[in-house]
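# Secondary and tertiary structure notes
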Amino acid sequence: MLLVPLGVWGGLIPFVGPYFDFGFGSSNAWDYNTDRLVLSILPAVAVIVGGLILLISANRPVAFIGSWLAILGGLWFVVGTTIAPLWDASPGAALGGQTRRIAEQLSFFQGLGAIIIMLAATALGRFLVVGVREARRAAAERAGTEGVAAEGTRQGSTAAPVWERQEGPRRDAQEPPRDAEHARHAGPHHRR
């Protein structure tokens, strides 16, 4: 999953970017301050932990939490630099020229966060949808036998099981024919 490497990028780029004159604030590599902690490290940790939960979890509610954790980390990458001035925090001035400043802003914060949100939201959407196989498995467990789901389909098939393909009761067996119904409602002057 791409969330873990993106989270590592978001957490490390403020510290290794100055090696390439790519960064914000100090041009010294590995220069730690609380602004970097709040704007880069903490959201990166949220994205990494959320991504790892998504990678290893087989439980839908736990994976749901992991995807939301990654989404919140990505959201903080997007809006953190906008909200940070409220408590006098700032990532500092960009180190490069005008074109490089745009690349730095996108790769450190807004662009990185948008990609993280997109990937985590895609994972979240997958966990919100119940697949065909999962629905059949749950129905089989409710019925108490695994044979019900396997009877109509092969393992892993998405074809409809036998009970879904069976024809329902015929309409003519349930309702009287229209001619008989018409004759019953018609008065004596309409009968032949």
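Here is what the cut-offs are and how they apply
Residues numbered from 1 in each chain as written. Predicted model: local features only at pLDDT ≥ 70, side-chain atom pairs only at ≥ 80, totals over all residues. Heavy atoms only, no water. Helix = DSSP H or I, 4+ residues; strand = E, 2+ residues; numbered from the N terminus. Polar contact = N/O pair within 3.5 Å; in protein donor to acceptor, adjacent residues only side chain to side chain. Contact = heavy atoms within 4.5 Å. Axes fitted to C-alpha atoms, helices over the stretch in contact; angles between N-to-C directions. Parallel < 35°, antiparallel > 145°, perpendicular 65-115°, else oblique. Left-handed = near helix turned anticlockwise from the far one by under 90°. Nonpolar A, V, L, I, M, F, W, Y, C, P; charged D, E, K, R; others polar. Expected span 1.5 Å × (residues − 1). Bend = angle between axes of the 7 residues up to and from the residue. Buried < 20%, exposed > 50% of the residue type's maximum accessible area, 1.4 Å probe, protein only. Phe/Tyr/Trp six-rings, centres within 6.5 Å; stacked < 30°, edge-to-face > 60°.

### Considerations on the side chain of Thr81
Position of Thr81 among the secondary structure elements: in helix 3 (residues 60-83). A polar atom in the side chain of Thr81 sits 3.2 Å from the side chain of Gln110. Among residues more than four places away in sequence, those in contact with Thr81 are Leu39, Pro91, Gln105, Phe109 and Gln110.

### Brief notes about the packing of helix 1 (residues 3-16) against helix 5 (residues 110-128)
In the contact formed by helix 1 and helix 5, the axes pass within 10 Å of each other and the chain directions differ by 160 degrees. Classed by the angle they form, the pair helix 1 and helix 5 counts as roughly antiparallel. Handedness of the crossing formed by helix 1 with helix 5: left-handed. Of the residues in helix 5, those in contact with Leu3, Leu6, Trp9 and Gly10 of helix 1 are Leu112, Ile115, Ile116, Leu119 and Ala120. Of the residues in the contact of helix 1 with helix 5, the class split is eight nonpolar, one polar and no charged.

### So, helix 3
Compared with the 34 Å implied by 1.5 Å per residue over 24 residues, the 33 Å span of helix 3 between its first and last C-alpha is a close match. At Phe77, helix 3 shows its maximal kink, close to 40 degrees. When helix 3 is considered as a whole, its buried residues turn out to be Ala63, Gly66, Ser67, Ala70, Ile71, Gly73, Gly74, Phe77, Gly80 and Thr81. Buried residues in helix 3 make contact with helix 1, helix 2 (34-56), helix 4 (98-108) and helix 5.

### A short note on the packing of aromatic side chains
Applying the stated rule across the entire model yields six aromatic pairs. Residues Trp76 and Trp87 carry aromatic rings whose centres are separated by 6.1 Å and whose planes lie at 5 degrees to one another, so their mutual orientation is stacked. Residue Trp76 is located in helix 3, and its partner Trp87 is located in the loop between helix 3 and helix 4; the two are separated by 11 residues in the primary sequence. The exposure class assigned to Trp87 is partly exposed, which follows from its relative accessible area of 40%. The rings of Phe22, Phe24, Phe108 and Phe109 are connected pair by pair, giving a single aromatic cluster.

### Here's the deal with the environment of Leu54
With respect to the element layout, Leu54 can be found in helix 2. Leu54 sits in the buried class, given a relative accessible area of 9%. A sequence separation of 51 residues divides Leu54 from Leu3, and the C-alpha atoms of the two residues are 9.2 Å apart. Residues in contact with Leu54, not counting those within four places in the same chain, are Met1, Leu3, Ala63, Gly66, Ser67, Ala123 and Phe127.

### A short note on the packing of helix 2 against helix 3
Packing of helix 2 against helix 3 brings their axes to within 7 Å, and their N-to-C directions diverge by 160 degrees. Judged by the inter-axis angle, helix 2 sits roughly antiparallel to helix 3. Judged by the sense of rotation from one axis to the other, the crossing of helix 2 with helix 3 is left-handed. Across the interface between the two elements, Val38, Leu39, Ser40, Pro43, Ala44, Ala46, Val47, Val49, Gly50, Ile53 and Leu54 of helix 2 pack against Val62, Ala63, Gly66, Ser67, Leu69, Ala70, Gly73, Gly74, Trp76, Phe77, Gly80 and Thr81 of helix 3. Of the residues belonging to the contact of helix 2 with helix 3, the class tally is 15 nonpolar, eight polar and no charged.

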